[in-house]
Structures are given as structure tokens and as C-alpha cells.
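Chain by chain, the residues run as shown.
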Amino acid sequence: MSLSEHATSAMDAPRDTVLTVQEASVRYGATTVLKDLSLSLNRGEFVCVIGPSGSGKTTLLRLLAGLLTPVSGSVDFRGQPHRAPSRDIAIVFQDYTNALLPWRDAEGNVSLALEAAGVPRAERRDQIHALLRTVGLVGSEGKFPAEMSGGMQQRLQIARCLAQKPDVLLMDEPFGALDAMTRQKLQDELLGIVAESQVTAFFVTHDLEEAIYLGDRIIALEPNPGRVSQIFDVPLPKPRNQLTTREMPEFLRLRRQLFDFIERYEQ
């Protein structure tokens, strides 16, 4: 799909579209970071974003979160102008150590989102335990972040975000600091969570194989200023498997296409 065709599809977005960006530009001072960028995110899909340094991946995530306002163009959330953060859009950060409250245990960290939503104390405990079960932290309810591994801390951050019951889950390289085995385990858990909850996932990553393994679509941004260059559909069957999926010819073909795309800008 060409950029112009994608812009048209964003304008004619289907009714299950959750977030729409139309010809949006973002500047920091005199520097244009994103220029005339258009895309749409649909309910329940997993969209990954790749791009070389300077392509504005994190800036795009902040724009979708309502933390930035475009200098031109528009961002719509559920059909309405989106200009401020919303409880229906949650962010999972890469730096889980600073995202969690160190003086609260696992229950307390998840409870924070429920408290902010006004959930009565009597209803919180069952919801907290269900969320911790979803992310594989049963038995760790009383542990503090400092007593947890990096993978456990990231699971806890995801559980706290899910407590918001968001429509959209924005993730900025959330597994980048984890070892390979923990990373793969969390990838599979995240795919299960998205499939079960039908939350829309927007996932920024530098790892091309991770983008293919997780994504239904991959948005490739080109730099200086950041803009959509290509959109790759990922027709790999689900559920995915860390071994057999990565051996499929289509996986290898996509990996080569993404590698060639990145290589153009990193020579």
C-alpha cells in the first residue's frame, strides 16, 4: 500500500477503528520530528512500529497517548478529537524500574490503577488477583519490585495497565532490557492477553524479528522527518510459536524486507 493510499484509508476508516492520525506533524522547536503522518489502528489488532534512529517512533507513541498535540493535522480517538491523555489508553514503558512504585508490593501497584478509577476497596482484591494471574504472577502478590526479576517487574507493569481496562495499549520497547528467554516468554503472554481482551496494541521496537512475531501489521517509519514509508501486513497464522513461526518462509521473507528497509538509512 502506498502512502497516499494509506492516507485515504485512514480518512475512510471502518467503524472498528479506535485511533486515527491524519496528516499530523509534530515539531520540537524548529525541528520537525513527524511530518504529514497518517495511520489508523483497529480494535483488537497488534501493530508494531520500526524505523531507524530519528524516525520519531517514540514521538508517534506520545502523540497517540495524547501527550503531544500536532502542529498540523489531527488525531481522533473513537471518532473524537484526541488532545489529552485518556484512561482508555495505557502506556507500558521500557523502564519498568521507574514505572513501578517501590514502596508498594505487587497488589499495591495494581491497586493504584483501580484506586484512580474509583473502584471500591471491597471489589479490588478479586480484580487484582485475576490480573496477576493473567500475567503469571500468582504467588507474588506480596513481593515488592526490588524483590522481582526484570521480567516479573514488566509483567507487573502490564497488569497495572490492564487494570485500567484500556481500549489501547501503547508499548515503547517494553522488552528491550530483558534477556532472550524472558523476552520470548513475555511475547507469547502478551499475544495471549491481546487476543483475549481485544485491546488494540501499538508496539515500538528495534527488533525486526519481534515486530514480525507479534504484529498483524508493521509500520515502517523513515527519518528526518519521521513519516510512514511502508506498511507490511503479517499473514502468519495464529497462535504463533517461537520455533515454527520463525522458520516459516513468510517470516524469513518479511525479515529480509525489514532488514533491507533499515539498512537503507544506516549506511
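In this text, all values refer to a predicted model and were calculated from it rather than measured experimentally.

## Side note on the packing of aromatic side chains
Each aromatic ring pair is specified by the distance between its two centres and by the angle formed by the two planes.
Then, number 1: If you walk through the whole model with that rule in mind, you get three aromatic pairs.
Then, number 2: Ring geometry for Phe-46 versus Phe-203: centroids 5.9 Å apart, planes at 45°, classification tilted. With a gap of 157 residues between them, Phe-46 in strand S3 (residues 46-50) and Phe-203 in strand S8 (residues 200-204) connect regions that are remote in the sequence. Both residues of the pair, Phe-46 and Phe-203, belong to the buried class.
Then, number 3: Consider the rings of Phe-261 and Tyr-265, whose centres lie 5.4 Å apart with planes at 65°: the pair is edge-to-face.

## Here we look at the UniProt feature "domain: ABC transporter" (unreviewed entry) in the protein
Then, number 1: Mapped onto the present numbering, the UniProt feature "domain: ABC transporter" (unreviewed entry) falls at residues 19-248.
Then, number 2: Its end C-alpha atoms 31 Å apart, residues 19-248 is made of 33% helix and 27% strand.

## Considering the side chain of Thr-200
Then, number 1: Mapped onto the secondary structure, Thr-200 falls in strand S8.
Then, number 2: Residue Thr-200 is classed as buried on the basis of its relative accessible area, which comes to 0%.
Then, number 3: One polar contact links the side chain of Thr-200 to the main-chain carbonyl oxygen of Asn-42, over a distance of 3.0 Å.
Then, number 4: Residues in contact with Thr-200, not counting those within four places in the same chain, are Val-18, Leu-41, Asn-42, Arg-43, Gly-44, Glu-45, Asp-167, Val-168 and Leu-169.

## Notes on the environment of Glu-107
Then, number 1: Note on placement: Glu-107 falls in helix H4 (residues 106-116).
Then, number 2: Here the alpha-carbon distance between Glu-107 and Leu-132, two residues 25 residues apart in the chain, equals 8.3 Å.
Then, number 3: Ignoring anything within four residues of it in the chain, the contact list for Glu-107 reads Arg-125, Ile-128, His-129, Leu-132 and Glu-141.
Then, number 4: A polar side-chain atom of Glu-107 sits 2.8 Å from a polar atom in the side chain of His-129.

What counts and what doesn't
- Residues numbered from 1 in each chain as written.
- Predicted model: local features only at pLDDT ≥ 70, side-chain atom pairs only at ≥ 80, totals over all residues.
- Heavy atoms only, no water.
- Phe/Tyr/Trp six-rings, centres within 6.5 Å; stacked < 30°, edge-to-face > 60°.
- Helix = DSSP H or I, 4+ residues; strand = E, 2+ residues; numbered from the N terminus.
- Buried < 20%, exposed > 50% of the residue type's maximum accessible area, 1.4 Å probe, protein only.
- UniProt positions renumbered as here; feature names shortened; annotations may be inferred.
- Polar contact = N/O pair within 3.5 Å; in protein donor to acceptor, adjacent residues only side chain to side chain.
- Contact = heavy atoms within 4.5 Å.

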